[in-house]
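Listed here are the chains, written in short residue letters.
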Amino acid sequence: MRGVFVAGAAVEPFGKHPELNAADLGFRAVAALLQQTSVTPDSVEVGFGGTSFGGSLLAQRVLQQVGISGVPVFTIENACASGASAVHLAWQAIASGTAECAIAFGAENLSAFGGGTLPLTTNDIEIAQGMVMPAAYAMRAQRYLHDFGASIDDLSQVSVKNRRNGADNPRAHFQSAIDLDAVAASRMVADPLRLLHCCPNSDGAAAVLLCSAAFARNLPTPSVRIAASVVRSGAFHTSFRDMTWPDITARTAEIAYRAAGLEPADVDLVELHDAFAIAEILHAEALGLADRGKGYRAVVDGEFDRDGRVAVSPSGGLLSRGHPVGATGTTQICEAYWQLTGQVGALQVPGASVALTHVTGGGIYGVDNGACAVHLLTADGA
Amino acid sequence: MSHQEVSPATGRMVGGEWLADNGSSVSITTSKCRNCARVWFPPRAVCAGCASADLDAVPAGPDGVVYASTVVRIGPGQFAPPYVLAYLDIAGVRVLAHIPGQQGPQPGTPIRLGIGEIGADNNGPIRSYVAIAGGAS
């Protein structure tokens, strides 16, 4: 397999865009990407669009607006990992030599659902019994606090850190810092998780250009290398499951580290799936960024701050950026690209040369999550 | 689906087809694979581990322990939040159930599985697995 590079990234700012549907949002991100990279539509040989609620043929409905039609185009659904799965498939196309240039995007409009928790898959016994995503993470949180002696305030420090980071991110849904008191005063959603432990439902889109080294060298934009792109599904079983150890994350990350020849200690910044404050701690441990049961200490001690040992969620994470389900995995890669090319201003992690992005998706019974994607990106461009 | 659904007088039952009401207590039906020994709930016609169709129906419960619980305060209207959910570990399988009251039990709390009303919709009451404290473990 040959080297694959990200040579451009564009995000339509996340937030509430009730007047724009997923195709409108995706169009804005993809149009901005083409403009920025000076890539003409006839150079794009394949396209992948990730969405969970954007409907049939979203990728076609987006890409045909910018002159990309006739070529193979795929709409990818993998719950919260849809956008990152789209990037993974674009990576496969370039790595295998099938294409020189590909676009992957994610787009989602969640305003259409109104407020509250997101609708989950039907025909699932737990959902028919009243399971919702915050409840699943709340039970993980209760068990983690019970097993490792962490406190609610320790969890809340994740929200405080990520909202502090997000305050500097013009693409974030929430651009304001919060303190522990604000978290403690926010409405209880599913004990022990309060509203400010949960990411907001958002609308947004993000797109990346993936290409070969030769293609990247002819572009005006800088490039970064995709050192690993790995997607795995949840390991299904209905017996006892340790909900404090997201096995799907550990398995996916292990393969990614090995493929890239990198270790957790090599990583400078991480954009992970902090859909809930507890999720950052669990996934950070499974990604090898902290010892088992010690992830909360790393947060409290500032090790995951933007200028800490390893910056976790330097963009503000899902807790600040918001979570337009299918767009999240793609936007993480955009943020990592800008970090590694020195284009993020106040968000910049000093000396960033290795970035990891991680997203998990899906609430169905019998698995940690339905899908997980991990990407490792390095600053050595084409 | 289950016969309860065509009989409004008894309400709808979620997961009722895998539950046996033995009068004073209930048991759930699990599947144990004769080929690879994996145990499943809900029961399956084909093993989701090795794809063997050679499975035994094995009754389990009603006693178990709470793995984790939560009080859902924002959730679907038919369950009338707040409501308490818990994952229960029963005889090798993990089962989601409602807990009566307004408090989530701590991990490790012994429970006993039963049947109860978990909500209501336009078709009437919804019944499913409900656990009460005090299993014999």
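Residues numbered from 1 in each chain as written. Chains lettered and ligands numbered in written order. Predicted model: local features only at pLDDT ≥ 70, side-chain atom pairs only at ≥ 80, totals over all residues. Heavy atoms only, no water.

Remarks on the overall build of chain A
- If you tally the helices and strands in chain A, you get 13 helices and 12 strands.
- In summary, chain A has a C-alpha radius of gyration of 19 Å against a globular reference of 21 Å for 382 residues, a match within 12%.
- Within the span of chain A, comprising 382 residues, buried residues form 63% of the whole.
- Considering only contacts within chain A whose residues lie at least 6 apart along the sequence, 78% involve residues at least 24 apart.
- When the accessible area of chain A is evaluated, it comes to approximately 12500 Å², of which 51% is carbon and sulfur surface.
- Positive and negative charge centroids in chain A, built from 24 and 36 side chains respectively, lie 1 Å apart. (Helix = DSSP H or I, 4+ residues; strand = E, 2+ residues; numbered from the N terminus. Rg over C-alpha atoms; globule rule 2.2 N^0.38 Å. Buried < 20%, exposed > 50% of the residue type's maximum accessible area, 1.4 Å probe, protein only. Contact = heavy atoms within 4.5 Å. Areas by Shrake-Rupley, 256 points an atom, 1.4 Å probe, with all protein chains shown as cover. Lys, Arg positive; Asp, Glu negative; His and termini not counted. Charge placed at Lys NZ, Arg CZ, Asp CG, Glu CD.)

Let's talk about helix α10 (residues 277-286) of chain A
Residue and element names in this part refer to chain A.
- Burial analysis of α10 places 10 of its 10 residues in the buried class, the great majority of the element.
- For α10, the full list of buried residues reads Ala277, Ile278, Ala279, Glu280, Ile281, Leu282, His283, Ala284, Glu285 and Ala286.
- Gly288 lies just past α10 and shows a positive phi near 80 degrees.

Things to note about the nonpolar core
- Among the nonpolar cores identified, the biggest contains 48 residues, and Val270, Leu287, Leu289, Phe304 and Leu376 of chain A are the most heavily contacted of them.
- With six residues, α10 of chain A is the single largest residue contributor to this core.
- Not counting the four nearest positions on each side in its chain, Leu287 of chain A is found in contact with Thr249, Ala253, Tyr257, Pro264, Val270, Leu272, Leu356, His358 and Val374 of chain A.
- Formed by 40 residues, the second largest nonpolar core is a distinct cluster that contains Ile28, Phe41, Phe79 and Val95 of chain B. (Core = buried A, V, L, I, M, F, W, Y, C linked by side-chain atoms within 4.5 Å.)

A short note on the pairing of strand β4 (residues 101-108) of chain A
Residue and element names in this part refer to chain A.
- Of all eight residues in β4, eight are buried; the element is thus mostly enclosed.
- Of the two faces of β4, the one carrying Cys101, Ile103, Phe105 and Ala107 and the one carrying Ala102, Ala104, Gly106 and Glu108 are both buried.
- With five bridges joining them, strand β2 (residues 46-50) and β4 adopt parallel strand pairing. Within the sheet, the bridge partner assigned to Phe48 lies in β4 and is Ala104.
- Pairing between β4 and strand β7 (residues 203-211): eight bridges, direction antiparallel. Bridged to Ala104 within β7 is Val208. (Pairing = 2+ DSSP bridges.)

Some thoughts on helix α3 (residues 82-95) of chain A
Residues and elements named next belong to chain A.
- Relative to the 20 Å expected for 14 residues at 1.5 Å per residue, α3 spans 20 Å between its end C-alpha atoms, a close match to the ideal helical length.
- Along α3, 12 of the 14 residues are buried, which leaves the element largely enclosed by surrounding structure.
- Those residues of α3 not exposed but buried are Ser82, Gly83, Ala84, Ser85, Ala86, Val87, His88, Ala90, Trp91, Ala93, Ile94 and Ala95.
- Where α3 ends, the next residue or the one after it, Gly97, has phi of about 85 degrees, a positive value. (Expected span 1.5 Å × (residues − 1).)

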